[in-house]
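Summary of structural features
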Amino acid sequence: MSAAIEIDVHNPSGLHARPAAVFVKAAAAIPGDVRVANVTTGSSEVSAKSILAVLALGVSSGHRIRLRLEGDGAPDALRSLAELVASGLGEPPAGAGA
Amino acid sequence: MELRGLPAAPGIAVGPVWRYRRGEARGIPLPDVRAAADRASNDLLALAARVRGLGRTDEAAIFDAQALMATDPTLLEEAERLARAIGVPDPDALAAAVETAARGIAETLAALPDETLAARAADVRDVGARIARILAGREIALPEQPSIAIADDLPPSITAELPPGSLLGIALESGSPVSHAAILSRGLGIPSVVAVRGLLTAVDVAEAPREAAGETGDGETLIVTLDGEAGTLVLGPSAAQLTEIEARRERRRRQGEAARALRGRPGRTADGVAIPLLANIGRPEDAARALDAGAEGVGLFRTEFLFIGRSDAPSEDEQVRAYAAVLNAFGPDRPVVVRLADIGGDKAIPYLHLAAEDNPFLGVRGLRLGYDDRALIRTQVRAIARAGAAAGATPRLMAPMVSTFEDVTMLREIVAGALASLDAEGTARAARLVVGIMVEVPSAALSAPELALEVDFFSIGSNDLTQYVLAMDRTNARLAAAADALHPAVLRAIRATVDGAGTNGIPVAVCGELAGDPLGAAVLVGLGVDELSMDAGALDAVRLMLSRVTSADLRELAGVALQARTATEVRAAASAVVGTGA
């Protein structure tokens, strides 16, 4: 059994540069194999703990990603990773201050 | 010997040469991929901390990301797979495996339809090279004294790694002003020149006679002077050249002070002719910097940022927010010119389904996209009109890549249709749109009298106009020096545009790099251009130049420039009038 969550990425630079680093560091802290795919482009799943693999997904603002925990890890950890994505990964949301 | 490249970071440097070559000295190898990767990662974290300590948080983030890349499972697993295929764990073979793995990943990133990821590709290669150096025990020979670095290319992590003060300047044979290396040297305040053709050979030749005379080691090393604003360097300068460069340094310092004193005043010649000085911006966030620099408005708001690097078109509402942000920042009394997206087959924009073209700069781009599909342009026009209502300002709209009368007819139809659709819905819009066109294609310059009857203003895109008049690709490093916007043929096209505009009394602006070059600005005003729009960083120097000359001087200069045979002759004439002596 494996838990999966789909979520839209809304921070302005997508999963590039700094937000990608924030994402990967958070994923690396979760025990077990965390997988991520770009649903919008129909990419295959990659390890969420690899910044290079995550960058290569080309996740831009507005894309939807799927997070999945391989094996019987804690679904709570996956949910908090999804919440981190929803909160903008440390980036101010698009249009802030406009 | 004088060499010319592209300016990458301002400032003047004088000092001995330090040749950077990729890992030549031998240290102790560390033939363990994981251990070498860990050390590389730690080194990069230390670099990030040091650069952050200098207040350069953006550059520090690059090194933080690189530290993460250095221990990335994708990279290390691929490197170990390649190493196993080789068999014997020879340090050089391991190093090659890591570099190959990094190159493969870099190619994947570079192939993605997103420009920011291309820069990441260079970062991955840099990380691979760093791990490889540790594996093979290759070390970088540090400069023994403060020096000017001479290299084909200088990875950003090397620039940051050298002790502060040890790099007086940087001159690169390759590279580009927008590379990470150039951005970092601007951040660290190290004067830099890039894309200097023949640099390495010239330095070899200049050093040769000293070596032949046995002067290496404790003998005189080759001295170089470098001007990061002019993009020039001199190998082995004479005493007179050294005196001149010191004088230039002092002159720049005094000009900087004088220019800062003029901030906040409008552009005006010594005899009081107003020449509004506007800023070119590429994102709403650029508005604040433009205002700080004393911009009297925005002469070019590039909107490509809304369309690039995403999988679906920006909504009309999203566009309204972006345009209104800039209109609000500048208020109702300072003009803001919003340019319709200048997009073509050179950019991968999945949702537009643009056909690949053999020659995208002569293909279906800019306004020409409207012949296939008017919706994209119509939505943008609607958003601009709505933003005007939201901000209580009269927006100016400008179409790129206009070459024929039919283009202008289509533009007017699209604008009229967009406004009518807003009115039919009862959606609030600006009462009036000021509609202009870019003049950047020779046919538009030559048709200026006819086009002037159809639009409210012209804005000359001098970069593209130069490229199309001279048939020289401005991104081709071998043509960069010859593709000079001050070529007399380009100036004659600009004069034709000004004359054409005069038949209907519409204003002419210039929004290319030429407008931000004090020599170029002097010639343009002399030719009768009404407004100049430039990078915010260029406003001070152009404002100062204008304050010191009369419009009669500039008209006379333009007359000479139109008679000249070469761009060099035009520059010499302009330098004589403006007196900056680049």
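Residues numbered from 1 in each chain as written. Chains lettered and ligands numbered in written order. Predicted model: local features only at pLDDT ≥ 70, side-chain atom pairs only at ≥ 80, totals over all residues.

Next up on the list: the overall build of chain A. Looking only at helices and strands, chain A has three helices and four strands in total. In chain A, the succession of helices and strands from N to C terminus is β-α-β-β-α-β-α. Counting over 98 residues, chain A shows a buried share of 41%. Contacts in chain A between residues at least 24 apart in sequence constitute 70% of all its contacts with a sequence separation of at least 6. (Helix = DSSP H or I, 4+ residues; strand = E, 2+ residues; numbered from the N terminus. Buried ≥ 20, exposed ≤ 12 C-beta atoms within 10 Å, placed from the backbone. Contact = placed C-beta atoms within 7 Å.)

Within chain B, the secondary structure is distributed over 21 helices and 18 strands. A total of 582 residues make up chain B; the buried ones form 46% of that total. When contacts within chain B are restricted to residue pairs at least 6 apart in sequence, long-range pairs at least 24 apart make up 69% of them.

So, on to the packing of helix α20 (residues 551-563) of chain B against helix α21 (residues 567-578) of chain B. When two helices pack together, their arrangement is given by the angle between the helix axes and the distance between those axes. Residues and elements named next belong to chain B. Where α20 meets α21, the closest approach of the two axes is 9 Å, and the angle between their N-to-C directions is 165°. Our classification of the angle between α20 and α21 gives roughly antiparallel. The two elements α20 and α21 meet at a crossing, and its hand is right-handed. In this structure, α20 contributes Asp-553, Leu-557, Val-560 and Ala-561 to the contact, and α21 contributes Val-570, Ala-573, Ala-574 and Val-577. Residues that form the contact of α20 with α21 fall into these classes: seven nonpolar, no polar and one charged. (Axes fitted to C-alpha atoms, helices over the stretch in contact; angles between N-to-C directions. Parallel < 35°, antiparallel > 145°, perpendicular 65-115°, else oblique. Left-handed = near helix turned anticlockwise from the far one by under 90°. Nonpolar A, V, L, I, M, F, W, Y, C, P; charged D, E, K, R; others polar.)

Residue and element names in this part refer to chain A. Strand order across the open sheet formed by four strands is β1-β4-β2-β3, with antiparallel pairing between neighbours. Every interior strand has two partners, whereas the edge strands, β1 (4-8) and β3 (46-47), have only one. With five bridges connecting them, β1 and strand β4 (residues 64-70) associate as antiparallel partners. Counted as the bridge partner of Glu-6 is Arg-66 from β4. (Pairing = 2+ DSSP bridges.)

Residue and element names in this part refer to chain B. Topologically, Val-434 is positioned in strand β15 (residues 434-439). Residues Val-434 and Arg-396 lie 38 residues apart in sequence; the distance between their C-alpha atoms is 4.6 Å. Excluding residues that lie within four positions of it along the chain, Val-434 makes contacts with Thr-394, Arg-396, Asp-456 and Phe-457.

For helix α1 (residues 17-28) of chain A, which comprises twelve residues, the first-to-last C-alpha distance of 17 Å matches the rise-based estimate of 16 Å (1.5 Å per residue) to within 8%. Residues of α1 of chain A that are buried include every one of Ala-17, Pro-19, Ala-20, Ala-21, Phe-23, Val-24 and Ala-27 of chain A, and no others. (Expected span 1.5 Å × (residues − 1).)

Now for the nonpolar core. Counting 106 residues, the largest nonpolar core has Val-298, Ala-522, Val-523, Leu-524 and Leu-532 of chain B as the members making the most contacts within it. Among the elements that take part in this core, helix α11 (residues 316-330) of chain B stands out by supplying eight residues, more than any other. When we break this core down by domain, the ones giving at least three residues each are domain 3 (264-278 + 458-582) and domain 4 (297-439) of chain B. Setting aside anything within four residues of it in sequence, one finds Val-523 of chain B in contact with Leu-486, Leu-491, Leu-557, Ala-558, Ala-561, Val-570 and Ala-574 of chain B. Counting 100 residues, the second-largest nonpolar core is a separate cluster that includes Val-34 and Ile-65 of chain A together with Leu-68 and Ala-79 of chain B. (Core = buried A, V, L, I, M, F, W, Y, C linked by C-beta atoms within 7 Å. Domains from an automatic or database assignment.)

Of all residues in chain A, 89% have pLDDT values of 70 or greater, and the mean over the chain is 83. In the model, residues 94-98 of chain A has pLDDT below 50 throughout and makes seven contacts with residues more than four positions away in sequence or in other chains. (pLDDT = per-residue confidence, 0-100.)

Next up on the list: the pairing of β4 of chain A. Residue and element names in this part refer to chain A. Here β4 shows one buried face, formed by Ile-65, Leu-67 and Leu-69, and one open face, formed by Arg-64, Arg-66, Arg-68 and Glu-70. Pairing analysis gives six bridges linking strand β2 (residues 33-38) to β4, with the strands arranged antiparallel. Note on β4: the bridge partner recorded for Asp-33 is Glu-70.

Before going further, it helps to spend a moment on the interface of chain A and chain B. In this complex, chain A contributes 22 residues to the contact, which on the side of chain B involves 25 residues. Elements supplying a minimum of two residues to the side of chain A that touches chain B: α1 and α2 (51-56) of chain A. The greatest single-element share of the side of chain A that touches chain B, amounting to five residues, is contributed by α2 of chain A. In terms of residue class, the side of chain A that touches chain B is built from nine nonpolar, eleven polar and two charged.

Our next topic: the sheet that holds strand β6 (residues 147-151) of chain B. All names here are of chain B. One open sheet holds the eight strands; their spatial order is β1-β10-β9-β3-β6-β7-β8-β2, and the pairing between them is mixed. Of all the strands in the sheet, the pair left with one neighbour each is β1 (2-4) and β2 (6-9). Here the strands of the sheet are splayed against their neighbours by 30° on average, with no regard to which way each runs. Pairing analysis gives five bridges linking strand β3 (residues 12-19) to strand β9 (residues 223-227), with the strands arranged antiparallel. Bridged to Ala-13 within β9 is Leu-226.

The next point concerns the pairing of strand β12 (residues 298-302) of chain B. Residue and element names in this part refer to chain B. Within β12, four of the five residues are buried, leaving the element largely enclosed by the surrounding structure. As for the winding sense of the linkage, the β-α-β connection from strand β11 (residues 277-281) through helix α10 (residues 286-292) to β12 is right-handed. Direction of pairing for β12 relative to strand β13 (residues 336-339): parallel, over a ladder of three bridges. Note on β13: the bridge partner recorded for Phe-301 is Val-338. For the crossover from β12 across α11 to β13, the handedness is right-handed. (Right-handed = clockwise from strand over helix to strand, strands pointing away.)

A few words now on unusual backbone geometry. Even without glycine at this site, Ala-195 of chain B takes up a positive phi of about 55°. As for its placement among the helices and strands, Ala-195 of chain B is situated in the loop between β8 (192-194) and α8 (199-212).

Averaged over chain B, the pLDDT score is 88; the fraction of residues at 70 or greater is 93%. Confidence drops under a pLDDT of 50 for residues 214-218 of chain B, and excluding neighbours within four residues, the segment shows four contacts in the predicted structure.

So, on to α11 of chain B. Taking 1.5 Å per residue as the helical rise, α11 of chain B with its 15 residues ought to reach 21 Å, and the 21 Å between its terminal C-alpha atoms agrees with that figure. Trailing α11 of chain B by a residue or two, Gly-331 of chain B shows a phi angle of about 75°, which is positive.

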